[in-house]
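Structural overview
The chain contents come next:
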Amino acid sequence: MTALATPTMTPTTRAVPTDARLTFSHLLRSEWIKLTSLRSTVWSVVLIVASGIGISLLYAVSTSSLDMQTSPSVGFTLTTVTIGLTFGQIIAAVLGVLAISGEYSTGMIRSTLTAVPSRLPVLAAKTLVTFGLVAAVGLVTLVASWAATYPVYAAQGIATGLTAPGFLLAILGGAAYLGLTAAFGLGVGAILRSSAGGVAVVLGVILGLQIFLPLASLAVEWLWDLRPFTFDQAGAAMASLPSDLPAGAEPEPGAPLEPWLGGLVVLAWTSVSLAFASILLRRRDA
Amino acid sequence: MINARGLTKRYGSRTAVDGIDFTVEPGKVTGFLGPNGAGKSTTMRMIVGLDRPTSGAVTINGRPYREHSAPLREVGVLLDAKAVHTGRSAYKHLLAMGATHGIRKERVREVIGLTGLESVAGKRVGGFSLGMGQRLGIAAALLGDPATLILDEPVNGLDPEGVRWVRTLVRGLAAEGRTVLLSSHLMSEMAQTADQLIVIGRGRIIEDAPVEDIISRTNGTTVRVRTRDLDALTALIGGDGVTVSRQPAGAAQITGATPEQIGDAAAAAGLPLYELTALTGSLEDAYMTLTADAVEYRSTSPEEEPAR
């Protein structure tokens, strides 16, 4: 089946540059090749884009037929465009988990860590590449959702532009949230080193807390005040317009966070997951 | 050059590697032998930093592996064929591995050609046979044109042609002055490939010597003779430490005397010899003797099982 080459070693040194060495930019390139050469990544990206646009269109068509909105509103357009994130965040989280757990389940991690024995740069490069890809895909999805729903709303005279006040910043927040969700999943996947376990935990954090907290707060009232600080509620805040409370006014407990604060909360969740992952990656035998 | 000093690995109360010292020198093929569970793989994993030693240290060219700025140029390693993502093609796997060091696709194609993987390079690794996976592992090990190669069971699953190719490759790499550490359970293959042997059992080093020394020292010298009058010959050479075991047709195997001693004694007495042959045992015999006390997982032959 396979024709064997004569094992001469003479031409070997020719194609290996003598200054070949480990650098962080080389590592980013390697992780990019790894991420984009898997079918699961391609499917995840297609699913994020398609589901995002599809759900937004469905929402626009349904609300138009009900005449829910009668005047142009940036907030309403934003709701339409970002509604697909509730599904997209699940795909992003799973993609993040698989980016590292797949290396453990297949044994690839041993190849990876022999090429990069200092280990931590691998996690850093993987995080940056996964975040970058998913955030970019998120931005494309959100802009495409806006473009796809624009004609529907324009026909009713309620369309708002891409440059409407606060809109671009909000969808950038939404895209960043999607990227951070993947990075959070990556950290969890690196801690648990298992695809099934990792997916279960990230879904528990993203979806499970939304079921648990409202129920638990019936018995323990103050738990309701924690709800804005959960991963997906803080993420939803990142993709929304700043509240129009007068300066100095205190928001009600349990009210959605300001976008910047939502961003910090999501960043904190992600940092904790990656910090634990880093400690364990350094310590454990591969 | 690989240098281990007091290298120890414990998993809980079990000691996998027990304070071993060894040196693997460049320009030679060093065979690493031992029964299953003896600590070979753990030692190899510690050399490349996958496992952290409980105590002791191991260096490659004077430095711990993780301190090298270009690890893939320093060491090429094949630990097991299952160190590849099954969803990625062989080409992309090698490309991603090489990319960590800025090694380009020309070199990737070169190692693909070298290992005979051209026809399957674009296919996903999940569908590879054991032999193809092994070739891919060897291709990855060669990627950085490394000065040291560590190959754990490289011929496992290869066809006879592949086995011979690995032997030639490994000998060639050592002849170029590289350091080669190789493990295998195929004793005949090891006898043909290795110059030096390190035998490990229960986490300790049992032997560390050139192959010929190990074989002759462990097996002793046996001489096969055939003569008309075996009793006379026995009387001539008999003495302390000499044993004669008789075989059919006037032949015997003698241990404890060299062919020179036997031939001289027979000639002096005018006793004609029809045959005088020095027998060196196989590496397999020597290995079995050396590791007899160190086998962790012993299989029982059917006849040893109690009758029902």
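Notes on the structure in this doc start here. (Residues numbered from 1 in each chain as written. Chains lettered and ligands numbered in written order. Predicted model: local features only at pLDDT ≥ 70, side-chain atom pairs only at ≥ 80, totals over all residues. Heavy atoms only, no water.)

With respect to the sheet that holds strand S11 (residues 243–247) of chain B
Backbone hydrogen bonds are what pair the strands of a sheet, in a parallel or an antiparallel way. Residues and elements named next belong to chain B. Strand order in the open sheet made by the 4 strands is S11-S12-S10-S13, with antiparallel pairing throughout. Lying at the two open borders of the sheet, with one neighbouring strand each, are S11 and strand S13 (273–279). Taking each pair of neighbouring strands and ignoring which way they run, the sheet shows an average axis angle of 20°. As defined by bridge partners, strand S10 (residues 222–227) adjoins strand S12 (residues 251–255) across 5 bridges and the pair is classed as antiparallel. From the neighbouring strand, Thr222 faces S12, where its bridge partner is Thr255. The sheet strands contacting helix H10 (residues 259–268) are S10, S12 and S13, and the helix crosses S13 at an angle near 165°. (Pairing = 2+ DSSP bridges. Helix = DSSP H or I, 4+ residues; strand = E, 2+ residues; numbered from the N terminus. Axes fitted to C-alpha atoms, helices over the stretch in contact; angles between N-to-C directions. Contact = heavy atoms within 4.5 Å.)

Observations concerning the pairing of strand S9 (residues 204–210) of chain B
All names here are of chain B. Relative to S9, strand S8 (residues 196–201) runs antiparallel, the two being bridged by 6 bridges. From the neighbouring strand, Leu197 faces S9, where its bridge partner is Ala209. Here S8 folds back onto S9, and the loop between the two strands holds 2 residues, one of which, Arg202, carries a positive phi near 50°.

Brief notes about the environment of Gly27 of chain B
All names here are of chain B. Position of Gly27 relative to the elements: it lies in the loop between strand S2 (14–24) and strand S3 (29–33). Relative accessible area serves as the criterion here: at 38%, Gly27 is assigned to the partly exposed category. On a C-alpha basis, the gap between Gly27 and Leu283 in space is 22 Å, while along the polypeptide they are 256 residues apart. In this structure Gly27 touches Ala174, Gly177, Arg178 and Thr179, once residues within four positions along its chain are discounted. (Buried < 20%, exposed > 50% of the residue type's maximum accessible area, 1.4 Å probe, protein only.)

Brief notes about empty space enclosed by the protein
Under the definition given, this model contains 7 cavities of 30 Å³ or more. In this structure, the largest cavity occupies an estimated 180 Å³ of space. Looking at the largest cavity, it is lined by 19 residues, and the ones nearest its centre are Ser111 of chain A together with Val77, Leu78, Ala83 and Ala140 of chain B. A per-class count over the lining of the largest cavity returns 11 nonpolar, 6 polar and 2 charged. (1 Å grid on protein atoms, 1.4 Å probe; cavity = no way out; pocket = protein on both sides within 12 Å on 5 of 7 lines; lining within 4 Å. Points joined across faces, edges and corners; volume = space filled by probe spheres on them. Nonpolar A, V, L, I, M, F, W, Y, C, P; charged D, E, K, R; others polar.)

In short, shape yes, function no, at least from these values alone.
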